[in-house]
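The primary structure of each chain is shown beneath.
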Amino acid sequence: MTLKRAFWAVGLFGLIPLGMGLYIRLTTGHADANYGSLVPWGLWVAQYVYFIGLSAGAFLLSSLVYVFGVKRFEPIGRLAVFAAIVSLLLALFTIWMDLGHLERFWHVFIYPNFASPMAWMIWLYTTYFILLVAEFWLLMRRDLVVARSLAGWRSFVARIAALGARNDSDESLAADMRKVKVLATIGVPLAIMFHGGVGALFGVLASRPYWNSGLFPIIFLVSALASGGALLTVASAIFQEGWREHRQMVLDLGKIVLGLLLLDVLFQLSEILVGVYGADPGYVASLRLAVGGPHWYVFWIVQVGIGLLVPVAILASPLGRDPRLVPVACAAVVVGFIGVRLNIVVPGLAVEEIAGLSRAVDDPRYQTNYFPSAFEWLITVGIGGLGLLMFGIGEVFLPLSRHLPARQNA
Amino acid sequence: MGRMLPVISRRDMLKQAAVGAVAASVVAHEAVGAATTPARKHHWGMVIDTQRCVGCEACVIACKIENQTPPGVYYTVVTREPLPGGGNDRPVFMTKPCFHCEEPPCVPVCPVNATYKRPSDGIVVVDYDRCIGCRYCIAACPYGARSFDFGDDYEMLSAAGDPISPEYKQYRVRTPDGSPVGNVRKCTFCLHLQDENGEYDRDGGRWPACAKTCPGHAIHFGDLGDAESEVSRLLRERNAIRLKEELGTEPSVYYLL
């Protein structure tokens, strides 16, 4: 209970920086941001990649339940789809703030250039968003019908959200689940393509040797699964006390996260090995910046320490049999991946493409050393708080981890 | 027994009609494209003589004045890197405009087709009214040739009124939130100085500002497609390089060593 209260407090507190950040963004645009013309993407792009990875990962794990019928993960199915929706909304909100002209977002729909990986990504995640909402509504439909009979405002909310559906029979539930299976099955290749597409967005750029590899889209998928799985484990442990009620499931999720995390490390090591021996100066410069630059702690403390060593120490040892410690390890993964995303975006950009470029003019926008400004942090922290609030609201309004029993009147 | 006619279901018919419509629209689109795309008339490019450059940066200033670019936006900069073992007394100066690549990596990545290579003369431009400011093209450019307009302004200029940029012959008055603020900006080879036929006039002063200004005559501008132009002649006579040839971008700017 106290954990949930802390959750709400942090979430509500996040609205203050979000409001301040939005005010600055809408009145002065990007003037107070610290990225520039040499490092054109910063904290917000890293945050966007982070949330979109959580979304794709959570959704792909929900397919274990809805496509592959793995019964023991049933309790996290709806939570996973809900987490995918929330993370996607946060990701889209973040990248919307990052656009130079946020009032022109619709240009991507009327002037699409399908040669651009960014355009594929946008169209794929639009489709994915519609599919997610439809799938989630089907998953919730019968419970919404049942909830009409509850007292007070819950009934009112359920009445609106049910969109006129009234059938609460078991047959209708079975019919819903058949439709869910179809949608979830379509969703799997869609999620793979759109998150692979996010990796491709970076990977196709020959101008940035740090990103330019065929492994990049694949690493994005694996790291999405690892971080999304970790988020689900944390969420299922907090909501409805999953660590007590679904002890075995939490332990199993921990094992899955461990496996995915190690697979992610394997891919990253392969990437680093080939890059270092290939000795492309741009690649080596970026890697040096990540591991030994002014922000070395993002790599060693956040990414390796919190994101890898802590969770592996817990999950791969007897501690991993404690359903209270597994969510702790997974929370460390969720935090550590913030470092992973920052270390993809910033060092890839923060090296001179032409020697001497950052010294050619004395201008803060022509610098390679990037650290986010207070304004950027306000938006980032605020959007994080918004995410916690959306999870909290989901917890209150929606029975995410179990189906409500049907009324006993039939 | 009468012969059976093949029965086409409504679904099949709709399907075939849809396929036909798509095919027809693709063919039509390409035909319209072929008919309306102007033929290539010029291949504008630069040949920059590093032996003649003294690093005065007059080109940077001339460019900023011509295009009225704000702080943080540079269409050309001069790098000064010491030669290996040479120390700082004899650096290599290099003025670096946009290279207007024949295979520009910035163009295919734009999600909204806001940046493109002009078919008539190969100049890579940005449509300020379409650009959403995602900055993917900045990440994709291997030469650091693009700037984002953050809306910063020179404080001392306010006395002279709002700057008006002649870029693209649009003469936009600078406002805090209207384009090109929030857009990606880049060198246009001063295409606003072209006449209505797309021709420059060197003697008339309608010539890219950096090349016109260069006191050492280090920046040569002209039509790389014209074998008689000064730039073509220099490329025949001297040893020229282009930067990052291995990326296959085919820059239209050469450096003489």
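Above: the structure in question.
All of these numbers come straight from a predicted model, not from anything done at the bench.

Cut-offs applied
Residues numbered from 1 in each chain as written. Chains lettered and ligands numbered in written order. Predicted model: local features only at pLDDT ≥ 70, side-chain atom pairs only at ≥ 80, totals over all residues. Contact = placed C-beta atoms within 7 Å. Helix = DSSP H or I, 4+ residues; strand = E, 2+ residues; numbered from the N terminus. Nonpolar A, V, L, I, M, F, W, Y, C, P; charged D, E, K, R; others polar. Buried ≥ 20, exposed ≤ 12 C-beta atoms within 10 Å, placed from the backbone. Pairing = 2+ DSSP bridges. Axes fitted to C-alpha atoms, helices over the stretch in contact; angles between N-to-C directions. Parallel < 35°, antiparallel > 145°, perpendicular 65-115°, else oblique. Left-handed = near helix turned anticlockwise from the far one by under 90°.

Visitor: I'd love a proper account of the interface of chain A and chain B, names of residues and values included.
Guide: Between chain A and chain B, the residue contacts involve 38 residues of the former and 41 residues of the latter. Of all the secondary structure elements, the ones that give two or more residues to the side of chain A that touches chain B are α4 (107–110), α5 (117–147) and α14 (357–360) of chain A. Here the side of chain A that touches chain B is composed, by residue class, of 22 nonpolar, eleven polar and five charged.

Visitor: Tell me about the pairing of strand β1 (residues 44–49) of chain B, residues and numbers included.
Guide: Residue and element names in this part refer to chain B. Within β1, five of the six residues are buried, which leaves the element mostly enclosed by the surrounding structure. Judged from the five bridges that link them, β1 and strand β10 (residues 219–223) form a sheet pairing that is antiparallel. Considered in β10, the bridge of I48 is made with I219. In the sheet, β1 pairs with strand β12 (residues 253–256) via four bridges, with the strands oriented parallel. Within β12, the residue paired with M46 across the bridge is V253.

Visitor: Which residues make up the sheet that holds β10 of chain B, and what values go with them?
Guide: All names here are of chain B. Pairing within the open sheet is mixed, and its four strands lie in the order β10-β1-β12-β11. Every other strand in the sheet has two partners, leaving β10 and β11 (240–241) as the edge strands with one partner each. When β11 meets β12, the two strands line up antiparallel, connected through two bridges. Counterpart to I241 in the pairing with β12 is Y255. Across the sheet, helix α6 (residues 230–237) touches β1, β10, β11 and β12, and the angle it forms with β10 is around 115°.

Visitor: I'd like a description of the packing of helix α2 (residues 43–66) of chain A against helix α15 (residues 374–397) of chain A, backed by residues and values.
Guide: Residues and elements named next belong to chain A. For the pair α2 and α15, interaxial distance at closest approach is 10 Å and the crossing angle is 20°. Overall, the two elements α2 and α15 adopt an arrangement that is roughly parallel. Judged by the sense of rotation from one axis to the other, the crossing of α2 with α15 is right-handed. Here L43, W44 and Q47 of α2 come into contact with α15, specifically with E376, I379, T380 and I383. Per-class residue counts for the contact of α2 with α15 are four nonpolar, two polar and one charged.

Visitor: Break down the environment of P104 of chain B for me, with residues and values.
Guide: All names here are of chain B. Mapped onto the fold, P104 is located in the loop between β3 (91–96) and α3 (106–109). P104 gets classed as buried once you count the C-beta atoms within 10 Å, which come to 24. With 13 residues separating them along the chain, P104 and K117 place their C-alpha atoms 7.8 Å apart.

Visitor: Residue-level account of the packing of helix α3 (residues 77–98) of chain A against helix α8 (residues 216–238) of chain A, with values.
Guide: Residue and element names in this part refer to chain A. As a packed pair, α3 and α8 sit with axes 10 Å apart at the nearest point and diverge in direction by 120°. Regarding the angle of α3 to α8, the classification is oblique. Judged by the sense of rotation from one axis to the other, the crossing of α3 with α8 is right-handed. Taking contact as the criterion, the partners of L79, A80 and A83 in α3 are, on α8, L231, L232, A235 and S236.

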